[in-house]
Structure formats: structure tokens, C-alpha cells
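Remarks on the overall topology
For reference, the chains in residue letters:
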Amino acid sequence: MHIAEGYLPPVHAAAWAAASAPFVIHGVRALTREVRANPESTLLLGASGAFTFVLSALKIPSVTGSCSHPTGTGLGAILFRPPIMAVLGTITLLFQALLLAHGGLTTLGANVFSLAVVGPWAGFGVYTLLRRSGAPLMVAVFFGAFTADLSTYCVTSVQLALAFPDPGSGVVGALAKFGGIFAVTQVPLAVSEGLLTVLVMRLLVQSSKGELTRLGVLLQGGDKKEAAVR
């Protein structure tokens with residue numbers, strides 16, 4: 001997903017940076033409020049950021065100028081909501097660009113928009129919809145993480161298609177080509193990430209029940225669904 005340094009035209013790079021900026025600014029405010037109100041959450045915040053950093057650093061070569069990998073943003077979005085994940089994802093992408101040559105500074109805005117903005121919101125939306133529909137926690141967690149991963153690559157496909165339309169079929173043809181190539185590696189990766197996120201959530205349910213209750217992941221006092229997943 002990480003679009004390489006200098007790969008996007010300058011106008012596109014600037015446009016995606018401008019689109020990402022409001023989400024990151026809002027996320028900084030949300031993160032500041034969370035840390036001030038609940039200092040004990042810093043450990044779980046750090047773990048969520050580390051989860052994203054490690055998974056999104058496991059890259060597999062894919063489309064020229066990009067790559068495939070898990071994203072790790074679903075977990076943080078479920079725990080702390082998408083605005084905070086926009087900040088954690090931006091920090092992750094910045095450090096990866098500077099330290100691992102994974103992505104780049106000129107393409108940071110585009111990568112932030114796909115991984116740290118759209119992915120968390122899409123994943124959290126699916127997770128919330130399933131929970132409100134009565135789905136068990138772990139089922140909602142799986143599909144939330146799966147959606148966060150896959151939607152990131154759908155957006156990256158759009159970004160690349162807009163920047164490099166097919167000479168014959170235009171943006172639509174380019175989108176089909178980029179999306180088709182990504183799908184070969186990303187669908188299995190999204191399934192794997194969903195399963196891994198479920199495993200991590202199970203561990204958190206066992207070790208941090210009080211914190212998950214405060215965050216609204218577990219219901220106050222518990223219910224039959226929560227008892228079943230534990």
C-alpha cells in the first residue's frame with residue numbers, strides 16, 4: 001500500500017496531503033483529550049500503534065511503486081475510534097518513511113489517507129454495524145479488521161488509477177488493473193489480519209477487561225455475548 005517516494009505527480013501528492021490534514025488535526029485533539037482524561041490508556045495506545053507499525057512494515061512487492069502488507073489499523077480503530085487512529089497511523093507512516101524507506105515524505109499524505117483515514121473509518125463502521133446488529137464481539141472484530149485492511153487497498157488503487165490512467169480505458173481501466181493485482185495478495189492478507197486481530201482482542205479481554213469496558217468494547221457488567229467470546 002505504501003506508495004513510494006516521488007511516485008505520485010506533485011499535484012496529486014499535494015491534494016492527498018490536503019485531504020488528510022483535517023483528519024490528522026482532529027485526531028491530535030482527540031488523542032490529547034484521551035490522554036489527559038485517562039492517562040492509564042497510554043500503554044494500550046502504544047500497543048495499538050506498535051501493532052500497526054509492525055504489521056504494516058511486513059511488505060510484499062506488488063504494483064510498481066507500491067506493495068502489499070497487513071495494515072494493523074482495525075484494532076486501534078475499534079479500541080480508540082478512527083480519529084485517534086489517524087494520528088497513530090500518521091506517526092507509523094512517518095517513521096517507516098524515514099527509517100525503513102517504506103513509503104515516502106512526498107507520498108505521506110496519500111498513504112495517510114488510505115491507511116490512517118479510510119481504513120480505520122471503514123473498519124470501525126463495519127464493526128459498529130455488526131455489534132449493533134447483535135453479532136458476537138469477535139465476529140465484529142474480524143470483519144472490522146478485514147474491512148480496514150481491504151478498504152485501504154481499494155483507496156490506494158484509486159489513487160494510483162487517478163495518477164496513472166490507462167491509455168486506452170482511462171481511470172476505470174487502470175483501477176481494474178491495480179485493484180486486480182492488489183487482490184491477489186491482499187485478500188488473503190486481510191483474512192489473516194482479521195484472524196490475528198481476533199487473537200489479540202481475546203488476549204486483551206483476558207488481561208484488560210476493565211479498560212475495554214471503559215472504552216465501550218465490552219458492555220458494562222457483561223452479557224451473554226461477551227461471556228461467550230471470553
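Preceding block: the structure.
Let us look at the structure shown here. (Residues numbered from 1 in each chain as written. Predicted model: local features only at pLDDT ≥ 70, side-chain atom pairs only at ≥ 80, totals over all residues. Heavy atoms only, no water.)

Let us now look at the overall build of the chain. Assigned secondary structure in the chain consists of nine helices and two strands. Counted from the first residue to the last, the chain has its helices and strands arranged as α-α-β-β-α-α-α-α-α-α-α. Relative to the globule expectation of 17 Å for 230 residues, the C-alpha radius of gyration of the chain, 18 Å, shows essentially globular dimensions. Counting the 230 residues in the chain, one finds 51% classified as buried. When contacts within the chain are restricted to residue pairs at least 6 apart in sequence, those whose partners lie at least 24 apart make up 75%. Taken as a whole, the chain presents about 10,100 Å² of accessible surface, with 72% of it coming from carbon and sulfur. Positive and negative side-chain charges in the chain, numbering 14 and 9 respectively, have mean positions lying 7 Å apart. (Helix = DSSP H or I, 4+ residues; strand = E, 2+ residues; numbered from the N terminus. Rg over C-alpha atoms; globule rule 2.2 N^0.38 Å. Buried < 20%, exposed > 50% of the residue type's maximum accessible area, 1.4 Å probe, protein only. Contact = heavy atoms within 4.5 Å. Areas by Shrake-Rupley, 256 points an atom, 1.4 Å probe, with all protein chains shown as cover. Lys, Arg positive; Asp, Glu negative; His and termini not counted. Charge placed at Lys NZ, Arg CZ, Asp CG, Glu CD.)

Turning our attention to the nonpolar core. Within the largest apolar cluster, 30 residues are counted, with the highest numbers of intra-cluster contacts made by Leu79, Tyr127, Leu137, Met201, Leu212 and Val217. Sorting the residues of this core by element identifies helix 1 (10-37), helix 2 (42-56), helix 3 (73-80), helix 4 (82-99), helix 5 (108-132), helix 6 (137-163), helix 7 (170-207) and helix 8 (209-215) as the ones contributing at least two each. Listed in part, the 21 residues of the second largest apolar core include Ile3, Val155, Ala163 and Phe182. (Core = buried A, V, L, I, M, F, W, Y, C linked by side-chain atoms within 4.5 Å.)

What follows covers helix 7. The terminal C-alpha atoms of helix 7 lie 51 Å apart, and with 38 residues this matches the ideal 56 Å at 1.5 Å per residue to within 8%. Along its length, helix 7 reaches its greatest deviation from straightness, about 50°, at Ala183. (Expected span 1.5 Å × (residues − 1). Bend = angle between axes of the 7 residues up to and from the residue.)

So, on to unusual backbone geometry. We note that Arg81 has phi near 80°; this positive angle belongs to a residue other than glycine. Along the polypeptide, Arg81 turns up in the loop between helix 3 and helix 4. By relative accessible area, which is 32% here, Arg81 ends up partly exposed. Backbone geometry at Ala101 places phi at a positive 55°, although glycine is not the residue there. By secondary structure assignment, the location of Ala101 is in the loop between helix 4 and helix 5.

Moving on, we come to the packing of helix 1 against helix 5. Interhelical geometry of helix 1 versus helix 5 gives an angle of 45° and a closest axis separation of 8 Å. In terms of orientation, helix 1 lies oblique with respect to helix 5. Between helix 1 and helix 5 lies a crossing whose hand is left-handed. For the pair helix 1 and helix 5, the contacting residues are Trp16, Ala17, Ala19, Ser20, Phe23 and Val24 in the first and Gly109, Ala110, Val112, Phe113, Val117 and Trp121 in the second. For the contact of helix 1 with helix 5, the residue count by class is 10 nonpolar, two polar and no charged. (Axes fitted to C-alpha atoms, helices over the stretch in contact; angles between N-to-C directions. Parallel < 35°, antiparallel > 145°, perpendicular 65-115°, else oblique. Left-handed = near helix turned anticlockwise from the far one by under 90°. Nonpolar A, V, L, I, M, F, W, Y, C, P; charged D, E, K, R; others polar.)

Take the side chain of His2 next. Secondary-structure assignment places His2 in the segment before helix 1. Within polar-contact distance, the side chain of His2 engages the side chain of Gln96 at 2.5 Å. (Polar contact = N/O pair within 3.5 Å; in protein donor to acceptor, adjacent residues only side chain to side chain.)

Contact geometry of helix 3 with helix 7 gives a least axis separation of 9 Å together with a crossing angle of 40°. Here helix 3 lies oblique to helix 7, going by the angle between them. Like other packed secondary-structure pairs, helix 3 and helix 7 cross with a definite hand, here right-handed. For the pair helix 3 and helix 7, the contacting residues are Thr73, Gly74, Leu75, Ile78 and Leu79 in the first and Glu193, Thr197, Val200, Met201 and Leu204 in the second.

Don't take any of this as a statement about function, it's just geometry.
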